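Results of the structural survey
Residues per chain are reported as follows:
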Amino acid sequence: LRASGQLAAHNVEVLNFGVGAYSLPAQWMMLRDDIWKYDPQIVIEAMNIYNDIVNSDRHTSVSGRPFPYFVAANGQLIPDGPIGSGQALSEGWLEWRNRWRDFENRFKLLLLVEKAIRDLVPGQNWQPGLSIDPHQTSTFHPPTNPHLQNAWKVTETALALMQAECAAHHAEFWVVTTDFHFQTEPDPAVRESDQRFLGVTDVYYPNRRIAEFCQREGIHVFSLAPLLADYALAHRVALHGFFNTPVNFGHYNEVGHAVVADFIVGELLQRSERLRAPID
């Protein structure tokens, strides 16, 4: 944004509040409780079109984490029973754990020991969604499963609540939907084969549904998947596949991150009212 030349007079600062495996309701609570003290003018929800939907219901979650779950009713999120397997979480224990994590993150040796312990003694892997959706394609079809229907409703309700939060604090809210790996496979033959194997006929169903919802709610929305698909095909380059995932699967690689950043910057410069507004 600074290098664009259009914002030379702006002191652009970007703060990252991403937390691994958080559901959209958890992100809404973070926005509500923790973010406004930083006075953001623009809030961007970079939304995954699979995890950020299925993780909104305890029965379809693939997060592996016992976060709070909800049901959606009358535009509100209603807590859905106990967290995870039902164990009570002590505030004192959470505070101690967070302080230890902060300390641990300062020392690579401690992180290495932590990783070794996790590898030797893996914890409980609480991922009920993978047992009913092993190929992770459930969001690419109109939902018929009641739990997946609730996951979609909770997702959309959380986005609406985030929009209301931003409106109340005079911040511009954006939803940027990312892609799923088979949408942006750089080899056309492999892309077609993967979609046929997975039984996906409408590869942009979740992107389109989220975009249509956001447009109804007056939320700025930007769908990356078609642009990334064209880029991957034109350059014959995989955008996914980091050090801990296979090629063209999972996390973005370095090229993917750079391309996503360029697309988002271009969209903001074109359509953000806040960026185009004169400086006070």
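Heads up: these notes are all about the structure in this document. (Residues numbered from 1 in each chain as written. Predicted model: local features only at pLDDT ≥ 70, side-chain atom pairs only at ≥ 80, totals over all residues. Heavy atoms only, no water.)

1. Overview of the packing of aromatic side chains
Enumeration according to the criterion identifies eight aromatic pairs in this entry. Judged by centre distance (5.6 Å) and plane angle (35 degrees), the ring pair of Y50 and F180 falls under tilted. In this pair, Y50 sits in the loop between β1 (42-47) and α2 (51-54) while F180 sits in the loop between β4 (172-177) and α7 (188-198), placing the two residues 130 residues apart along the sequence. Taken together, a centroid distance of 6.1 Å and an interplanar angle of 75 degrees make the contact between W152 and Y205 edge-to-face. Here W152, found in helix α6 (residues 146-168), pairs with Y205, found in helix α8 (residues 205-217); they are 53 residues apart in sequence, far enough to count as distant. Exposure class is identical for W152 and Y205. Each is buried. An aromatic cluster is defined as three or more aromatic residues linked by ring pairs; in this entry it consists of Y50, F140, F180 and F182. Taking the ring centre of W28 as reference, the NZ or CZ of R32 above it sits at 4.8 Å. Its end group placed over the ring of W152, R209 keeps NZ or CZ at 4.1 Å from the ring centre. (Phe/Tyr/Trp six-rings, centres within 6.5 Å; stacked < 30°, edge-to-face > 60°. Helix = DSSP H or I, 4+ residues; strand = E, 2+ residues; numbered from the N terminus. Buried < 20%, exposed > 50% of the residue type's maximum accessible area, 1.4 Å probe, protein only. Lys NZ or Arg CZ within 6 Å of the ring centre and 35° of its normal.)

2. Some remarks on the pattern of salt bridges
Where charged atoms from two side chains of opposite charge come close, those side chains can pair. Across all of its chains, the model carries nine salt bridges by this definition. Residue E95 is joined to R99 by a salt bridge in which the shortest nitrogen-to-oxygen separation is 3.3 Å. Here R99 and E95 lie together in helix α3 (residues 91-104), a separation of four residues that amounts to about one turn. A residue is classified by how much of its surface remains accessible, and R99, at 59% relative accessible area, is exposed. Bridged by salt links that share partners, the residues R101, E104 and E114 form one connected network. (Salt bridge = Lys/Arg side-chain N within 4 Å of Asp/Glu carboxyl O.)

3. What to know about helix α9 (residues 225-235)
All of the buried residues along α9 are A225, L228, A229 and A232. Buried positions in α9, seen along its axis, are confined to an arc of 105 degrees and lie on one side of it. With respect to the buried face of α9, the exposed residues turned more than 90 degrees away are D230 and A234. Buried residues along α9 sit in contact with β4, α7, α8, β5 (220-223) and α10 (254-271). The positive-phi residue at the C-terminal boundary of α9 is R236, with phi of around 50 degrees. (Arc of directions from axis to C-beta. Contact = heavy atoms within 4.5 Å.)

4. Observations concerning the pairing of strand β2 (residues 70-73)
Across a regular strand the side chains alternate sides, sitting on one face of the sheet and then on the other. Inspection of the sheet shows β2 paired to strand β3 (residues 76-79) by four bridges, in the antiparallel sense. When the bridges of β3 are listed, V71 appears paired with I78. With antiparallel pairing between neighbouring strands as the criterion, β2 and β3 make up a hairpin whose turn holds two residues, including N74 at a positive phi of roughly 55 degrees. (Pairing = 2+ DSSP bridges.)

5. A closer look at the sheet that holds β4
Pairing is parallel in the open sheet, where three strands are placed in the order β1-β4-β5. Of all strands in the sheet, those with a lone pairing partner are β1 and β5, marking the two edges. Shown here is a sheet whose adjacent strand axes are inclined to one another by a mean of 20 degrees, direction ignored. In terms of strand pairing, β1 meets β4 through six bridges, oriented parallel. The residue of β4 that forms the bridge with V43 is F173. Sheet strands in contact with α10 are β1, β4 and β5, and its direction is about 145 degrees off that of β5. (Axes fitted to C-alpha atoms, helices over the stretch in contact; angles between N-to-C directions.)

6. Notes on the state of the cysteines
For the coordinates displayed, the defined rule picks out zero disulfides. Note on C166: no disulfide assigned, nearest cysteine sulfur contributed by C214 at a separation of 12 Å. Residue classification places C166 among the buried residues on the basis of a relative accessible area of 0%. For C214, a relative accessible area of 0% corresponds to the buried category. (Disulfide = S-S within 2.5 Å.)

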